[in-house]
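# Report on the structure
Next come the chains, spelled out residue by residue.
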Amino acid sequence: MTRITSLPVLPTDPSAGMDEMEALAVDLRRSIRGQVRFGAHDRALYSTDASPYQVMPLGVVVPADIADIAEVLRICSASRVPVLPRGGGTSLAGQCTNRAVVVDLSSMCREVLTIDAERRQCVVEAGIGVDELNRRLAKSAPGLLYAPDPATVAQATIGGCIGNNAAGSRSIRYGRTSENIAGVDVLLATGERLWLEPGSGRRDASALRLATAVAEVVLRHAALIRDRFAKTIRRNAGYGLDLILKQLDTGVPIEDLDLSGLICGSEGTLAVVAGAKLKLHPIRTATGLAIASFATLDEAMNAVNPILTTDPSAVELLDDVVLRAAMGNDVCRPYVDLLPRANGGAAPMAVLYVEYQDDTPAQIETGFDKLSATLPGVPIERYRDTAAMAKAWTLRKSGEALLHGLPGNRKPQTFVEDNAVPVENLPRFVREFKKIVARHGTEAAYWAHASVGVLHVRPMIDLHDARDRDIMQKIAIEVADLARQCGGVMSGEHGDGRIRGPLLERFYGPELMAAFAEVKRIFDPLGILNPGMIVGVGPIESMTQNLRALAEVGHDHDHDHDHAKNGRTSSHRAIDTYFDYGDQDDFGHAVDMCNGAGFCRKTAGGTMCPSYRGTMDERHSTRGRGNALRQAIRVGLGDGEPVWNDPETMETLDLCLSCKACKTECPSNVDVARLKAEYLAQSWRDRGGPPLKARVFGHVRRLNQLGTITPGIANFVSNLPPVRAIMNRVLHIAPKRSLPAFAPSLYGWFRKHRRANGTGAVTRPKVVFYADCFATYNEPHVGQAAVRVLEALGYEVVMPKVACCGRAMISTGLLADAITSADRALETLSAAIANENVRAIVVCEPSCLSAITDDWLQLKLATPMDVRRRVASKAMLVEDFVDRYWDAHPIKPVVKTNANPIVLHGHCHQKAVGGGEETSARLLRRLSNGNLTIIPSGCCGMAGSFGYDASKYELSMAIGELSLFPPVRSSPVGAAICAPGTSCRHQIHDGTGRRAVHPIELAASLLTN
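These notes cover the structure that comes with them. All residue numbers here refer to positions counted from 1 along the written sequence of the relevant chain. Reporting of local features is limited, given that this is a predicted model, to residues whose pLDDT is at least 70; pairs of side-chain atoms are given and counted only at 80 or more, and all residues count toward the totals for whole chains, interfaces and linings. Side-chain measures were taken over the full set of non-hydrogen atoms in the model, leaving aside hydrogen atoms and water.

### Details of the overall build of the protein
From N to C terminus, the protein includes 47 helices and 27 strands. The size measure is the radius of gyration over C-alpha atoms, and the globule rule it meets is 2.2 Å times the number of residues to the 0.38 power. Here the C-alpha atoms of the protein give a radius of gyration of 30 Å, agreeing with the 30 Å that 2.2 N^0.38 yields for 1009 residues. Remark: exposure states derive from per-residue accessible area (1.4 Å probe, protein chains only) relative to the maximum for the residue type, with buried under 20%, exposed over 50%, and partly exposed in between. Residue burial in the protein is summarised as follows: out of 1009 residues, 63% are buried. Only the protein chains shown count as covering a residue, and every accessible area follows the Shrake-Rupley method with a 1.4 Å probe. Total accessible area on the protein is roughly 35900 Å²; 53% of this is exposed by carbon and sulfur atoms. In this tally, Lys and Arg are treated as positive and Asp and Glu as negative; His is ignored, and so are the chain termini. Throughout, a charge is located at the NZ atom of Lys, the CZ atom of Arg, the CG atom of Asp or the CD atom of Glu. The protein carries 113 positive and 111 negative side-chain charges, and their two centres are separated by 5 Å. Helix numbers and strand numbers start at the N terminus; a helix is a DSSP run of H or I with at least 4 residues, a strand a run of E with at least 2.

Next up, the structure:
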């Protein structure tokens, strides 16, 4: 085995020492079953977390199991190479960025090993997410849950929660992670594995050695621990020596000492958490949520202590800055609109979420009544419905990421966002905090776990600007001092990391810092576990080193301080883009929209991110693509040229299905589908043209037009084995994938239909029917059904020959062609709706509708924006039109009796930018007399040409199996399976053998003769 004698220095010279790293990678590949990724691209994907920092790691290991982790530690320990264990990578203080070998436990080390419902305990591996664990408990141990619920509960892993000692909204009732751990399964830096739990010292010599040494340090510093450690409910600065002292004070023998609480909050610096024994709690059967609105932040803060007398399970704060950010997010905006208005009818400047959990609905009502009595005259909205409460909590949990979507150079930064003070001192702390922020010439966003005195405050700082970075350091020092004066601590739950580590000695003093160093040496004598966190931190100036913002442009923007531009003069060089990025300030800001919060790593609910859910691989998450794009493009925003043809970036983008879910489900509105299309288009332009596969699949309308000339012959020939084999090879089509059949053109049928039926003498309201590629040439029965329904409702259908919407061209990066086609289509459509008698432009295919209402408004078209907006405002799904004007159609709809249930799978673009699956569901409810089931599915996995590709076929089908195929297979035999997307219907057929129909086909059978 190669021994590394010295560590290369990063980030100043990323190439230094790579020969040694390559030798280490070889050793690791020989020794473990998991993946070893030491390439520059993979390292860059793990160089950030949800903090402002970026540090290039030495390499990345994705272990196949716990034995792999032990082997990695053994090899790295022998070579004295630092190791950074990592879960969801959602840390806000920079503790998940380091010059180390990153070990990603979140991909494969995620099993639930045992569940003991009687003892209310379970044993899990460290990589499982909190939400996923609770979903599994709901099946195997109904009535029990793991209670700590940080805002990142959908993507945070158990190991990460232990590393941060995470808590959450309901910690006033359930406590922190450390109060919910019965033991931790750890690996020491040498690879030695042991359990740390009560009594482990009696069974394990290593556990006894650790307990004895730690107890000696704690007892020697007992007086200082009692004096310096905050007495708040929430505290997470330094090592939890107070938890050990508490046990010793109560007479716990050394051999019974529980060191698991010490591991909680240690940020991976003492041991690698392989798993844990968790305490479970019974689920309260009744829950209610009240939201109170206030005219000022101070009023909200003054209300917190009175509210606590009503025994809530959570009290959460959002201020007007967060609410303003939410108004700019498509997902969260409706939830803001539902908030009660402040007194006087004005929009609230702050709201408090007050939750009650109990055993009966009557007890919840009692809590509500107590709250109203406690806050006389304060507007309060009460929520009892589970779905409504879930939507309201979405707004609260999105708070941190929402702030990154605010316009301007000054962004809410994370450096003082985790102070915890005794709740009785919270109003004073807020008042003084506001003075500090104002004194330094900026403002801040406030939100909080108000029930336990944890205040998340984000001052507006431009990290590109040297003067703002100086302000950042000054505010950090003053706020840390204020927290101590108020009896609190500067870190309540998010840890120290790079951002608060430099303040630890100011808070604890040199003696306790020396005690922390002793504890570190006891567990990790060589100091290889996440070095520089908690112990060995830099001076206060290090807080503004290794900032991601500075790495983006290659140098500081220390130019003239222009207050009109929020303190920064940008030197970004213009790039000739195909899309307009004015809605995200500019292209540079769009590239940097991802803040690393990792909402895209959720494994259930919504659609984002299908390829991550199918692979559980960071590289194929939305965040991974955001990092990859930033790395490839950022050089061009400074002094160099973007790397448009980077093979690694292309590979990372290759599994993006362009589902658009990130545009709305990501609280920061990172639009990876648009950025991917831009990157591909720039790459094709840079290298002289797109590859054959992109040209063929991008111009699918032209291909379909050719096939429909003689559809029978075309279908016969394309299915001949030799022909299909050639197509598979040339276009890289998966042999198992069925091909869509060609059919006689819908235009031909429509001409015959009009001649046979005429338009009649009576002038009727008109509807323009946009005939998409598939309804025109592959599935004309869908278009025919739409025409029959519209005519049955009394409309004259106008179906002009319209150019392609460009959807396939956009997805394959043929943006120049898409722009040309969109302009041609707009010319036709704008002329078609010039008649005032035209009610709407109806579309069958959701992805075509999204091109009209989303992409056409963002591409740099020749068509004036007012024309584009007029067309977009008229466009809607055909079934949405039928339902929306149900009571206003020229002929009143009459629904035939339908006893069969209907099952609906919504299209990704419909969910993301098309008004949601309700745009199809509302009509289907009318047709089914309410007997409608909406499958809670994500992406189907087909996504246009994605599912045809031989290299993606297995992933395509795996995505379908996640949430779509099983409920389709289990649907009753007589049920009508509905899917408005042609790709979705194709995927359902190939994956389940069931035939899915377009909603308008079902409508045609029930609304027409």
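### Let's talk about the side chain of S77
Looking at where S77 falls in the secondary structure, it is placed in helix α3 (residues 66-79). What makes S77 buried here is its relative accessible area of 10%. Filtering out sequence-adjacent residues up to four positions away, S77 remains in contact with A189, T190, L526 and I528. Contacts between residues were defined by any pair of non-hydrogen atoms, one from each residue, lying within 4.5 Å.

### Concerning the sheet that holds strand β8 (residues 181-187)
A pair of strands counts as paired when DSSP detects no fewer than two bridges linking them. Strand order in the open sheet formed by five strands is β5-β6-β10-β8-β9, and the pairing between neighbours is antiparallel. Only two strands of the sheet have a single partner each, and these edge strands are β5 (112-116) and β9 (193-196). Across the sheet, the mean angle from the axis of one strand to that of its neighbour is 15°, orientation sign disregarded. Judged from the six bridges that link them, β8 and strand β10 (residues 272-279) form a sheet pairing that is antiparallel. Following the sheet pairing, I181 is matched in β10 by L278. Only the contacting stretch of a helix is used when fitting its axis, a line to C-alpha atoms as for every element, and angles between N-to-C directions run 0 to 180 degrees.

### Re the sheet that holds strand β20 (residues 766-770)
In spatial order, the strands read β21-β20-β22-β23; together these four strands make up an open sheet with parallel pairing. In the strand order of this sheet, the two ends are held by β21 (796-798) and β23 (875-877), each with one partner. Neighbouring strand axes in the sheet, compared pairwise and without regard to direction, differ in orientation by 35° on average. Here three bridges tie strand β22 (residues 838-843) to β23, and the two strands are oriented parallel to one another. The partner of V842 across the bridge, within β23, is M876.

### Remarks on the packing of helix α8 (residues 205-220) against helix α10 (residues 241-249)
To characterise two packed helices, one gives the angle between the axes of the helices and the distance between these axes. It is at 10 Å that the axes of α8 and α10 come closest, and there the two elements cross at 90°. Overall, the two elements α8 and α10 adopt an arrangement that is roughly perpendicular. Across the interface between the two elements, V214, A215, V218 and L219 from α8 touch L241, I244, L245 and L248 from α10. Small angles under 35 degrees read as roughly parallel and large ones over 145 as roughly antiparallel, with 65 to 115 read as roughly perpendicular and the rest as oblique.

### Observations concerning the environment of P999
The residue P999 is located in helix α47 (residues 999-1007) in this model. In the structure, P999 is positioned 831 residues away from G168 in sequence and 42 Å away in space, judged by C-alpha atoms. Excluding residues that lie within four positions of it along the chain, P999 makes contacts with E879, S920, L924, C978, A979 and P980.

### Regarding helix α33 (residues 721-731)
Within α33, the full set of buried residues consists of R724, N728 and L731. The buried residues of α33 occupy one face: seen down the axis, they fall within an arc of 100°. In α33, the exposed residues that point more than 90 degrees away from the buried face are P722, I726 and R729. Contacts made by the buried residues of α33 are with α30 (692-698) and α32 (711-718). H732 sits one or two residues past α33 and shows a positive phi near 60°. Taking the helix axis as origin, the arc is that swept by the directions to the C-beta atoms.

### Focus on the side chain of S611
Looking at where S611 falls in the secondary structure, it is placed in helix α25 (residues 610-615). For S611, a relative accessible area of 1% puts it in the buried group. For the purposes of these results, a polar contact is taken to be a pair of N or O atoms within 3.5 Å, where, inside protein, one atom must be able to donate a hydrogen and its partner to accept one; residues adjacent in sequence count only when each atom of the pair is a side-chain atom. Side-chain polar atoms of S611 contact the side chain of R625, separated by 2.3 Å. Contacts of S611, omitting those with residues within four sequence positions, involve M616, H620, R625, L655, L657, L955 and I959.

### Let's talk about empty space enclosed by the protein
If a probe as big as a water molecule is rolled over the atoms, it shows which places are left empty. Using a 1 Å grid laid over the protein atoms alone, points where a 1.4 Å probe fits but cannot get out form a cavity; open sets with protein on both sides within 12 Å along at least 5 of 7 lines form a pocket; any residue with an atom within 4 Å of a point counts as lining. Grid points are joined across faces, edges and corners, and a volume is the space filled by probe spheres set on the points. Taken as a whole and judged by the stated rule, the model has nine cavities of 30 Å³ or more. Among the elements that make up the lining of the largest cavity, the one with the highest residue count is helix α5 (residues 158-164) (five residues).

### Digging into a positive patch on the surface
Residues R751, K752, R755 and K801 make up a contiguous surface patch of positive charge. Within the secondary structure, K752 is located in helix α34 (residues 746-757). Patch definition: residues above 30% relative accessible area lacking any salt bridge, with like charges linked at up to 9 Å and the nonpolar side chains Val, Leu, Ile, Met, Phe, Trp and Tyr linked at up to 5 Å. By convention in these notes, a salt bridge is any Lys or Arg side-chain nitrogen within 4 Å of a carboxyl oxygen on Asp or Glu.

### Comments concerning the state of the cysteines
Cysteine pairs can be linked by a disulfide, which is a covalent bond between their two sulfur atoms. A pair of sulfur atoms, both from cysteines and within 2.5 Å, is called a disulfide here. Under the counting rule described, the total for this entry stands at zero disulfides. With no disulfide of its own, C656 lies closest to C662 among cysteine sulfurs, the gap being 6.6 Å. For C656, a relative accessible area of 8% puts it in the buried group. Here C940 is not cross-linked by a disulfide; its sulfur's nearest cysteine counterpart is in C984, at 3.9 Å.

### Re unusual backbone geometry
Cis peptide bonds are those with omega within 30 degrees of zero, and the linkage from M608 to C609 qualifies with -10°. Along the polypeptide, C609 turns up in the loop between α24 (587-591) and α25. In this model, E267 sits at a positive phi of 55°, which is unusual for a non-glycine residue. Inspection of the secondary structure assignment puts E267 in the loop between α11 (260-263) and β10. Of note, A943 is a non-glycine position whose phi angle comes to about 50°, a positive value. Tracing the chain through its elements places A943 in the loop between β25 (932-934) and α44 (953-963).

### Let's talk about the packing of aromatic side chains
Pairing of aromatic side chains requires ring centres within 6.5 Å, counting the rings of Phe and Tyr and the six-membered ring of Trp. Pairs whose planes differ by under 30 degrees are stacked, by over 60 edge-to-face, and all others tilted. Per the counting criterion, the structure on display carries 15 aromatic pairs. Ring geometry for F507 and Y508: centres 5.0 Å apart, planes at 80°, overall edge-to-face. Per residue, the accessibility class of F507 equals that of Y508, and both read buried. In this structure an aromatic cluster arises from ring pairing among F229, Y239, F507, Y508 and F516. Placement of a positive charge over a ring is assigned whenever Lys NZ or Arg CZ falls within 6 Å of the ring centre and within 35 degrees of the normal to the ring plane. The ring centre of W393 lies 5.2 Å from the NZ or CZ of R170, which sits over that ring. The aromatic ring of F507 is capped on one face by R484, whose charged end is 5.7 Å from the ring centroid.

### Considering α34
A helix is expected to span 1.5 Å for every residue after the first. In this model, α34 (12 residues) spans 16 Å end to end at C-alpha, consistent with the 16 Å of a helix rising 1.5 Å per residue. The complete set of buried residues in α34 reads L746, Y747, G748, F750 and H753. Buried positions along α34 lie against α31 (700-707), β20, α35 (773-777), α36 (780-792) and β21. The backbone nitrogen of Y747 has a side-chain oxygen 3.0 Å away, supplied by the residue at the start of α34, namely S745. Just downstream of α34, G758 is the residue with a positive phi angle, here 65°.

### Quick word on the environment of A743
Turning to its location among the elements, A743 is positioned in the loop between α33 and α34. Each C-alpha atom, one on A743 and one on Y777, is 5.6 Å from the other, the two residues being 34 residues apart in sequence. Discounting residues that sit within four places of it in the chain, A743 has contacts with T708, P711, Y777, N778 and P780.

### Regarding the pattern of salt bridges
Throughout the structure, instances matching the rule amount to 63 salt bridges. When the shortest N-O distance is used, the salt bridge between E961 and R969 registers 2.6 Å. The class of E961 is partly exposed, set by a relative accessible area of 35%. Given a relative accessible area of 40%, R969 falls into the partly exposed group. The network of salt bridges with shared partners includes D583, K660, K663, D671, R674, R807, D854 and D855.

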